[in-house]
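# Architecture and fold: a report
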Amino acid sequence: MRLNIPKNALPVIGILIILILMELFAPQPIDWTKSFNEDDKRPFGCFLLKELIQNDLFPDQEFKISSNAIFNYPETDSLSTKKNYIFVTNDFSPQEWEINTVMDLAKNGNQIFIASSSLGKAFSDSLHVHIESDILFSELAATKGKSQNFENPDLQEKSKYEYPKAFDNSTIAKFNKDSAIVLGRDHQRKIQLVKIPCGKGNFFISCQPLAFTNYNVVQNENANYIAGSFSYLPPNPIVWDEYYKPLRALRSTSPIIFLLSSPPLKMAYYLLITCLLLVLIFQGKRQQKMIPVLKPLPNTSLEFIRTMGRLYYNRKNHKDIALKKIKYLKEFCKSRYHIDLTIDTLNEVSKRSGISLKTLEILFNQVDKISNSQNISQETLEDLHSKVEYIYKSGK
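To start, this report covers the structure provided alongside it. Residue numbering note: each chain is counted from 1, following its sequence as written. Predicted model: local features are reported for residues with pLDDT of at least 70 only, side-chain atom pairs are reported and counted for 80 or more only, and whole-chain, interface and lining totals are derived from all residues. Side-chain descriptors were evaluated using all non-hydrogen atoms of the structure, hydrogens and water having been removed beforehand.

## Observations regarding the pattern of salt bridges
Salt bridges are counted wherever a side-chain nitrogen of Lys or Arg sits within 4 Å of a carboxyl oxygen of Asp or Glu. Counting across every chain of the model gives 9 salt bridges. Between lysine 50 and glutamate 38 there is a salt bridge, and its shortest N-O distance comes to 3.1 Å. Here glutamate 38 lies in the loop between helix H1 (10-25) and helix H2 (47-57) and lysine 50 lies in helix H2, a separation of 12 residues in the sequence. Note on accessibility: lysine 50 and glutamate 38 belong to one class, buried. Counting from the N terminus, the helices are DSSP H or I runs at least four residues long and the strands are E runs at least two residues long. Each residue is placed in one exposure class: buried if its accessible area under a 1.4 Å probe, protein chains only, is under 20% of its type's maximum, exposed if it is over 50%, and partly exposed if it falls in between.

This is the structure we're talking about:
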């Protein structure tokens, strides 16, 4: 099929191609979306944190990614293999029926590390710890000069861990001072990291999830802060949470929304739609080669009849030809006048056909003689033929 593009459409297509190329090769702005996903390489993803945990901090431990809610975690007891559960998100708000599960995990000897700038009210009340935020995610330009450090002298950085662009205005304001242990503070001495014992395990709460993202892993010596934070965890298998993420709804509900959330996928999607529209516009009308005119096949029925007639005539089997003509005549009367041609129906056939009764009687007498004869002459056949043809032409 040949593609026929109207000449007046070529400038439009050319401009469209140029715009698509400009969009594809234009410098893309940095995407500061806070996803905290383990496979996200954008500044506020956690791809580098996952690599750091797997290769450097816990290289010999199993690393499992969980996309299930806490309520669906396998049941554990004090004899089960102890694990480190890591949650990095902007808002950790498990449902009320999930809180008992996560509390049981800690009571049975597991370690729960939560880095979130906001905690759900039900979970905060259960753990007796509250995070306050002036701005959940402060503007990048307003975060210059912020830092944090550990309380443990062995982990302290002399110049502190600086966060010039990615730092939340969050602080752990309320907690049970009799049981909780302060592990880290910011430059204003506000509490940023605490340890809360729970049964045989512990909760580690940090209100700075951005400190664990790709951007801060490569900034200054901030990777050492991550290493210091996770140094409180024992060398147990790691369970990384991918359920309590801000973009989980986009990933799990609508494929279209997920496509539009990524600039390369978004451009590919729009390019596909554009190509489909062009195909509909220029190939909507069906195109094909000219259909040749074929001559109709000749009707050879008459030739066949003539050939068969000559065959019978040349064989001199006159009676056979006469019987066939008589048979066709009776069939003609039955189909035309709806009555069988017999000696008893001649009067009715005469009325329906308009042929005189005398003519029909003469014809029927000849038919009777031919049927009772063994052979007939050519003259008899010709006489029968003339009478039959008269019936065909004179009947109504």
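Next comes the rest of the account.
## Looking at helix H14 (residues 378-394)
Expected span of a helix: the number of residues minus one, times 1.5 Å. The first and last C-alpha atoms of H14 sit 24 Å apart over 17 residues, in line with the 24 Å expected at 1.5 Å per residue. The set of residues buried in H14 consists of Leu381, Leu384, Val388 and Ile391. Projected down its long axis, H14 shows its buried positions confined to an angular sector of 85 degrees, all on one face. Opposite the buried face of H14, at more than 90 degrees from it, the exposed residues are Glu379 and Lys393. Whether two residues are in contact is decided by their heavy atoms, any of which lying within 4.5 Å being enough. Against the buried residues of H14 lie helix H11 (318-337) and helix H13 (357-372). The reported arc concerns the directions from the helix axis to the C-beta atoms and nothing else.

## Some points on the sheet that holds strand S5 (residues 146-150)
Strand pairing follows a simple DSSP-based rule, namely that at least 2 bridges must link the two strands. An order of S1-S11-S2-S3-S10-S9-S8-S5-S6 is seen for the 9 strands of this open sheet, with the pairing classed as mixed. Edge positions in the sheet fall to strand S1 (63-66) and strand S6 (161-163), since each of these pairs with one other strand and no more. Sheet twist, expressed as the mean angle between neighbouring strand axes with direction ignored, is 20 degrees. In terms of strand pairing, S5 meets S6 through 3 bridges, oriented antiparallel. Within S6, the position partnered with lysine 146 by the bridge is tyrosine 163. Only the contacting stretch of a helix is used when fitting its axis, a line to C-alpha atoms as for every element, and angles between N-to-C directions run 0 to 180 degrees. Its contacts with the sheet place helix H3 (residues 96-107) against strand S2 (84-88), strand S3 (111-115), strand S9 (191-198) and strand S10 (201-206), and it is angled at close to 120 degrees to S10. Along the sheet face, helix H6 (residues 222-230) touches S2, S3, S5, S6 and S9 and points at about 120 degrees away from the line of S6.

## Focus: the nonpolar core
Working definition of a nonpolar core: buried Ala, Val, Leu, Ile, Met, Phe, Trp, Tyr and Cys residues. They are joined through side-chain atoms within 4.5 Å. Within the largest apolar cluster, 31 residues are counted, with the highest numbers of intra-cluster contacts made by Leu49, Ile53, Val88, Phe212 and Phe230. At the level of secondary structure, the elements contributing two or more residues to this core comprise H2, S2, S3, S6, helix H5 (214-217), H6 and strand S11 (238-241). Residues contacting phenylalanine 230, with those up to four places away along its chain left out, are Leu49, Ile53, Leu57, Phe58, Ile86, Phe113 and Phe212. The next biggest cluster of nonpolar side chains, apart from the first, holds 30 residues, and it includes Ile131, Ile196, Ile205 and Tyr244.

Shape is all these values report; function is a separate question.
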